[in-house]
Amino acid sequence: MTDEHEPGSDLYALWHARHLAVEDDGRIIHLDADGTVHLDEEEWRIIGIYREQAAAEEQREISRKLPGFRDEPDCFEIVPVTVDEDLWNEGFVTVYPEGRRRD
């Protein structure tokens, strides 16, 4: 096995979401009804990028026990990432909460 990764093949990124939005009743929604990570006012952290999905899964189990991550142990995502592929090729738009827009 070589140290170089073949262009066009997948690596695996391990991400963690810290949820910032609190519902009116004080709850924080971590997962949607279908079991996926709730996407509303969250802050994402990349834990690492791995050659094998199994390595990402192993690190997820380790990270679940660490301070900060253990507060939201089900809010990890492992996502395949293709090497040498552009992901932000159309730009982006920032939507600010009412009254917080920057000039």
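The structure we're discussing is the one just above.
To keep things clear, this report deals only with the structure shown in the data block. (Residues numbered from 1 in each chain as written. Predicted model: local features only at pLDDT ≥ 70, side-chain atom pairs only at ≥ 80, totals over all residues. Heavy atoms only, no water.)

1. So, the packing of aromatic side chains
Tallied over the full model, the rule gives two aromatic pairs. Consider the rings of Trp15 and Trp44, whose centres lie 6.4 Å apart with planes at 85°: the pair is edge-to-face. In this pair, Trp15 sits in strand β1 (residues 10-19) while Trp44 sits in strand β2 (residues 42-50), placing the two residues 29 residues apart along the sequence. For Trp44, a relative accessible area of 31% corresponds to the partly exposed category. On the basis of an interplanar angle of 45° and a centroid distance of 6.0 Å, the ring pair of Phe69 and Phe76 is categorised as tilted. For Phe69, a relative accessible area of 17% corresponds to the buried category. (Phe/Tyr/Trp six-rings, centres within 6.5 Å; stacked < 30°, edge-to-face > 60°. Helix = DSSP H or I, 4+ residues; strand = E, 2+ residues; numbered from the N terminus. Buried < 20%, exposed > 50% of the residue type's maximum accessible area, 1.4 Å probe, protein only.)

2. A few points about the sheet that holds strand β3 (residues 76-82)
In spatial order, the strands read β2-β1-β3; together these three strands make up an open sheet with antiparallel pairing. With one partner strand each, in any of the chains shown, β2 and β3 form the two edges of the open sheet. The sheet shows a mean angle of 30° between the axes of neighbouring strands, taken without regard to direction. Pairing of β1 with β2, which is carried by eight bridges, proceeds in the antiparallel orientation. Across the sheet, Trp15 pairs through a bridge with Ile46, a residue of β2. Relative to the sheet, helix α1 (residues 53-63) contacts β1, β2 and β3, its axis offset from that of β3 by approximately 155°. (Pairing = 2+ DSSP bridges. Axes fitted to C-alpha atoms, helices over the stretch in contact; angles between N-to-C directions. Contact = heavy atoms within 4.5 Å.)

Nothing here speaks to function; it is geometry throughout.
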